[in-house]
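Chain residues, written in single-letter form:
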Amino acid sequence: GHPPNKRAKMDDEGVQAPFAHAIVAGLIVAPTFVKQIPTSLLIVATASATVWAGCKRSVKPVAPAETMTQSDALRFPVMGSVVLLSLFLALKYLPKELVATVLSLYFVLLGAFAVTACFTPTLSPFLPSNMQTKTFTLKIPKIPFLNPDGLEQAISVPEMLTGLLSLVFCAWYQRSKHFFANNLLGVCFSLQGIELLALGSVPVGCILLCGLFFYDIFWVFGTPVMVAVAKNVDGPIKLLFPRVAVDDDSPAFSMLGLGDIVLPGIFIALILRYDAAKGRSLFGTAFASYILGLGTTIYVMNAFKAAQPALLYIVPAVLGGTLGHALLNGELKELLAFDESAPKSAPAPTAVDGAAPAPDAADGGKRD
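For clarity, every value in this text was computed on a predicted model and none was experimentally measured. (Residues numbered from 1 in each chain as written. Predicted model: local features only at pLDDT ≥ 70, side-chain atom pairs only at ≥ 80, totals over all residues. Heavy atoms only, no water.)

1. A closer look at the overall build of the protein
Thought 1: Across its full length, the protein carries 14 helices and 4 strands.
Thought 2: Out of the 368 residues in the protein, the part that is buried amounts to 42%.
Thought 3: Of the contacts formed within the protein by residues at least 6 apart in sequence, a portion of 74% connects residues at least 24 apart.
Thought 4: If you sum the accessible surface of the protein, you get close to 20,300 Å²; carbon and sulfur atoms cover 67% of it. (Helix = DSSP H or I, 4+ residues; strand = E, 2+ residues; numbered from the N terminus. Buried < 20%, exposed > 50% of the residue type's maximum accessible area, 1.4 Å probe, protein only. Contact = heavy atoms within 4.5 Å. Areas by Shrake-Rupley, 256 points an atom, 1.4 Å probe, with all protein chains shown as cover.)

Given below as structure tokens:
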């Protein structure tokens, strides 16, 4: 593999990824001013650029502090189904005003954090150097059951300023519900998800994506739940793309769920980190396979004039392309063995009555 400084160098170039972020920003802004961009092209370009930027942000000089386990991956589609069905039932049986208010508060709060995390590195260089590093300690008092021990959180001046701007932006989104604001929030959620969610190993990623492959097929083709939630939840859980030609019976926007960006994205990000650690070149294939899978989804959707489970096409493309390339390169075994989970250190021996007995050679140091 490469020496440690190689990975750190890639991190310096990749986490900021200014060119990728500029493309994402341009694709978010463009539909507001240019009305004739083909919708299908805009969907594929925006999702792909977001995956690219998120993957670059995920490459760091140190291993992820927490990674997903195989049991987590197995549970993920089940928990996703519970959340999805709960939203469907809430929308169907609870007062719409109540559901809308709760979701709005949730998205405003969560959106402010996501926008702050994404834009603080951009704002920080424009501040005086002494303000870039100045921090304050935010003390949160004890709250029974919710925060019984209290909390102290250090917050920097750039984070404070970006946070205030983020709250103003989220408040504007809440009032206007403009598709530009929706998409900016959705992309920030996606970037943060791809950057921060770590699979740990390729087998875990394969388990997760295979489970979500069947999850997506069932909830889109087998029930009306997925489509109903996507249409009726008025929040940045999806990206909205204006249709170029709209008749009276067609919706004004095409939609792409954030899960179709983030979930394949965290697997592709793992492949990029594998390349960085081992000096390989599978990322390009994984990324191109995502574009192929998403493009196939759009083609089938337009051909049949019906909603499609995007992961039905994306998962086989990404897994098949990545694992197939590794097999042809003779590195499939190495890829499947790659594990970036933080090593678990053994607990230090504890002293009893002020002295730690020496391990007994006969029993390998074990104690009763």
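2. Observations regarding the nonpolar core
Thought 1: In this structure, V51, C55, L199, I261, F267, I268 and Y290 are the most contacted members of the largest nonpolar core, which totals 89 residues.
Thought 2: It is helix α11 (residues 259-278) that contributes the most residues to this core, 12 residues altogether.
Thought 3: With residues up to four places along the chain from it excluded, the contact list for I268 reads V51, C55, F283, A286, F287, Y290 and V318. (Core = buried A, V, L, I, M, F, W, Y, C linked by side-chain atoms within 4.5 Å.)

3. Structural notes on the pattern of salt bridges
Thought 1: Per the counting criterion, the structure on display carries 6 salt bridges.
Thought 2: A salt bridge links R57 to E195; its shortest N-O distance comes to 2.9 Å. One end of the pair, R57, is in helix α3 (residues 39-58); the other, E195, is in helix α8 (residues 179-196), and 138 residues separate them in sequence.
Thought 3: A relative accessible area of 6% places R57 in the buried class. (Salt bridge = Lys/Arg side-chain N within 4 Å of Asp/Glu carboxyl O.)

4. Comments concerning the packing of aromatic side chains
Thought 1: All told, the structure shown has 11 aromatic pairs when counted by the stated rule.
Thought 2: On the numbers, 4.9 Å between centres and 80 degrees between planes, the contact of F218 with W219 is edge-to-face.
Thought 3: The buried category is assigned to W219, whose relative accessible area is 8%.
Thought 4: An aromatic cluster is defined as three or more aromatic residues linked by ring pairs; in this entry it consists of W52, F283 and F287. (Phe/Tyr/Trp six-rings, centres within 6.5 Å; stacked < 30°, edge-to-face > 60°.)

5. A closer look at helix α9 (residues 202-222)
Thought 1: Compared with an ideal rise of 1.5 Å per residue, which puts 21 residues at 30 Å, α9 spans 29 Å between its outermost C-alpha atoms and is within 8% of the ideal.
Thought 2: The set of residues buried in α9 consists of V202, V204, G205, C206, L208, L209, L212, F213, Y215, D216, W219 and V220.
Thought 3: Here the buried face of α9 lies against α4 (70-93), α10 (225-232), α11, α13 (310-329) and α14 (332-337). (Expected span 1.5 Å × (residues − 1).)

6. Describing the side chain of T322
Thought 1: As for its placement among the helices and strands, T322 is situated in helix α13.
Thought 2: The class of T322 is buried, set by a relative accessible area of 0%.
Thought 3: In this structure the side chain of T322 is engaged in a polar contact, spanning 2.7 Å, whose partner is the backbone oxygen of V318.
Thought 4: Those residues in contact with T322 that sit more than four places away from it in its chain are F267, I271, L282, T285, A286 and L335. (Polar contact = N/O pair within 3.5 Å; in protein donor to acceptor, adjacent residues only side chain to side chain.)

7. Some words on the confidence of the model for the protein
Thought 1: On average, residues of the protein score 85 in pLDDT, and 86% of them reach the 70 mark or higher.
Thought 2: Averaged over each element, pLDDT in the protein is lowest for helix α1 (residues 4-14) (40) and highest for α13 (97).
Thought 3: Considering only residues more than four positions removed or in separate chains, one finds that residues 344-368, a stretch of pLDDT under 50, has 7 contacts. (pLDDT = per-residue confidence, 0-100.)

8. What to know about the pairing of strand β4 (residues 253-257)
Thought 1: Burial of the side chains of β4 is restricted to one face: S254 and L256 are buried, whereas none of F253, M255 and G257 on the reverse face is.
Thought 2: Bridge count for strand β3 (residues 238-242) against β4 is 5 bridges, and the pairing is antiparallel. Note that in β4 the partner of L240 across the bridge is M255. (Pairing = 2+ DSSP bridges.)

9. Regarding the environment of A65
Thought 1: Note on placement: A65 falls in the loop between α3 and α4.
Thought 2: It is 10.0 Å that separates the C-alpha atoms of A65 and G200, two residues lying 135 residues apart in sequence.

10. A short note on unusual backbone geometry
Thought 1: Located in the positive-phi region is K177, a residue other than glycine, with phi close to 55 degrees.
Thought 2: On the secondary structure map, K177 appears in the loop between α7 (157-176) and α8.
Thought 3: In this structure, K305 is a non-glycine residue whose phi angle is positive, near 55 degrees.
Thought 4: Its location among the elements puts K305 in the loop between α12 (283-304) and α13.

11. Concerning the environment of S40
Thought 1: Summarising the element assignment, S40 is placed in helix α3.
Thought 2: Look at S40 and you get partly exposed, because its relative accessible area is 28%.
Thought 3: Between the C-alpha atoms of S40 and V244, which are 204 residues apart in sequence, the distance is 9.8 Å.
Thought 4: Sequence-distant contacts of S40, defined by excluding residues within four places in its chain, comprise I298 and N302.
Thought 5: Here the side chain of S40 touches N302 through a polar contact of 3.1 Å, side chain to side chain.

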